[in-house]
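# Coordinates in review
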Amino acid sequence: MPYEPPTHAVERSLRATTGAKVVAGVDEVGRGAWAGPVTVCAAVTGLRRPPVGLTDSKLLTVKRRNELSQELLTWVTSHALGHASPEEIDDLGMTAALRLAAGRALEALPVRPDAVILDGKHDYLGAPWRVRTVIKGDQSCVAVAAASVIAKVQRDKMMAELGIDHADFGFADNAGYPSPVHKAALEERGPTPLHRLSWAYLDALPQWRHLKKARTWAIGSVPGVAGQLGFDF
């Protein structure tokens, strides 16, 4: 399906209105997974012409996404990844975990950004970062699209490597997200150390329900909780 390529329009606007010189695009992957970390990529691209075909990672085939990721790793001015572990997600809630992972990514960049373009409508970063949220920014903004592709490919690779010791769960194929193989392995074997134990999927596993961690964060502060998935897929 044809789609409009991303542009530097938002970055140009930020530069003009705030005086920002270094603008980072930020996107996350793994929010709705049952297992593994939530991963955030921060990418700085400047105003150069992006690689052909750059768009939201979800619109790309696996083959094209992997090819484009390799190109982006040398094309971007800089990039960094930040992760929040399953334990941190359980302890803090998804919104705070996203903030933690994004902060780690931004702090790991060689130059601190003056402004951040954040995919979505919720600013989970907040102060001290100067943030512009953009709905579907991973399709419309070059830096966010680049962050989207890099984050997805790198987290998928990480989950495949982590999944070697948990072959029945199919992490190399599902990256910790819901799938029939993942569900069947959970029912038979229960959660692994990679699983988020405060997630709703455990409600449908009577034999493993005793492992579920009670949420200790304020429900009103974590809009990401609504994205947790049970077994109805």
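Residues numbered from 1 in each chain as written. Predicted model: local features only at pLDDT ≥ 70, side-chain atom pairs only at ≥ 80, totals over all residues. Heavy atoms only, no water.

### Considering helix 2 (residues 62-75)
Counted at 1.5 Å a residue, the expected span for helix 2 with its 14 residues is 20 Å, and the 20 Å between its end C-alpha atoms agrees. Every buried residue of helix 2 is listed here: Arg 65, Leu 68, Ser 69, Leu 72 and Trp 75. Each buried residue of helix 2 sits inside an arc of 130 degrees when the element is viewed along its axis, so together they form one side. Exposed side chains of helix 2 directed beyond 90 degrees from the buried face belong to Lys 63, Gln 70 and Thr 74. Its buried side turned inward, helix 2 meets helix 6 (142-162). (Helix = DSSP H or I, 4+ residues; strand = E, 2+ residues; numbered from the N terminus. Expected span 1.5 Å × (residues − 1). Buried < 20%, exposed > 50% of the residue type's maximum accessible area, 1.4 Å probe, protein only. Arc of directions from axis to C-beta. Contact = heavy atoms within 4.5 Å.)

### Some words on the packing of aromatic side chains
Note on aromatic pairs: each is described by the distance of the centres and the angle between the planes. The tally for this structure, following the rule as stated, stands at 2 aromatic pairs. Seen from the ring of Trp 129, Arg 112 lies directly overhead, with NZ or CZ sitting 4.1 Å from the centre. Sitting over the ring of Trp 199, Arg 196 keeps its end group 5.2 Å from the ring centre. (Phe/Tyr/Trp six-rings, centres within 6.5 Å; stacked < 30°, edge-to-face > 60°. Lys NZ or Arg CZ within 6 Å of the ring centre and 35° of its normal.)

### Some details on the environment of Ile 117
For Ile 117, the location among the structural elements is in strand 4 (residues 115-119). Placed 11 residues apart in sequence, Ile 117 and Leu 106 show a C-alpha to C-alpha distance of 12 Å. With near-sequence residues (within four places) excluded, Ile 117 lies in contact with Val 10, Glu 11, Leu 14, Val 23, Ala 24, Gly 25, Val 26, Arg 132, Val 134, Cys 141 and Val 144.

### Some details on the side chain of His 182
Position of His 182 relative to the elements: it lies in helix 8 (residues 180-189). Judged by relative accessible area, which is 0%, His 182 ranks as buried. Within the local environment of His 182, its side chain forms a polar contact with the side chain of His 195, the two groups lying 2.8 Å apart. For His 182, the contacting residues outside a window of four places in its chain are Trp 34, Ala 35, Phe 169, Phe 171, Asn 174, Gly 176, Tyr 177 and His 195. (Polar contact = N/O pair within 3.5 Å; in protein donor to acceptor, adjacent residues only side chain to side chain.)

### Thoughts on unusual backbone geometry
Look at the link from Ala 127 to Pro 128: it is a cis peptide, with omega at 10 degrees. Despite not being glycine, Lys 136 has its phi angle at roughly 55 degrees, a positive value. When you line up the elements, Lys 136 lands in the loop between strand 5 (131-134) and helix 5 (137-140). Judged by its relative accessible area of 55%, Lys 136 is exposed. Positioned with a positive phi, Ala 175 is a non-glycine residue whose angle comes to about 55 degrees. Mapping Ala 175 onto the fold places it in the loop between helix 7 (171-174) and helix 8. On the accessibility criterion, Ala 175 (6% relative accessible area) is buried.

### A closer look at the confidence of the model for the protein
Residues with a pLDDT of 70 or more make up 92% of the protein, whose mean pLDDT is 91. Here residues 219-233 is a poorly scored stretch, pLDDT under 50, and it has 35 contacts once near neighbours within four places are set aside; other chains count. (pLDDT = per-residue confidence, 0-100.)

### Section: the sheet that holds strand 3 (residues 78-84)
Within the open sheet, the 5 strands sit side by side as 3-2-1-4-5. Their pairing is mixed. Strands with a single pairing partner mark the edges of an open sheet, and in this sheet they are strand 3 and strand 5. Across the sheet, the axes of successive neighbouring strands diverge by a mean angle of 20 degrees, strand direction being ignored. Taken together, the 7 bridges between strand 2 (residues 38-44) and strand 3 define a ladder with antiparallel strand orientation. Bridge assignment links Val 40 to a residue of strand 3, and that residue is Gly 82. On the sheet, helix 1 (residues 9-18) packs against strand 1 (23-29), strand 4 and strand 5 and is oriented at approximately 150 degrees with respect to strand 5. Of the strands in this sheet, strand 1, strand 2, strand 3 and strand 4 touch helix 4 (residues 94-108), which is tilted by about 150 degrees from strand 3. (Pairing = 2+ DSSP bridges. Axes fitted to C-alpha atoms, helices over the stretch in contact; angles between N-to-C directions.)

### Considerations on the pattern of salt bridges
Evaluation of the coordinates by the stated rule reveals 11 salt bridges. Of the charged contacts, one joins Lys 58 and Asp 56 as a salt bridge, the two residues approaching to 3.2 Å between their closest N and O atoms. For Asp 56, a relative accessible area of 3% puts it in the buried group. In this structure, Lys 63 engages Glu 67 in a salt bridge whose closest nitrogen and oxygen atoms are separated by 2.6 Å. Here the residue Lys 63 and the residue Glu 67 both occupy positions in helix 2, the gap between them amounting to 4 residues, near one helical turn. Each member of the salt-bridge network shares a partner with another, and the members are Asp 56, Lys 58 and Asp 138. (Salt bridge = Lys/Arg side-chain N within 4 Å of Asp/Glu carboxyl O.)

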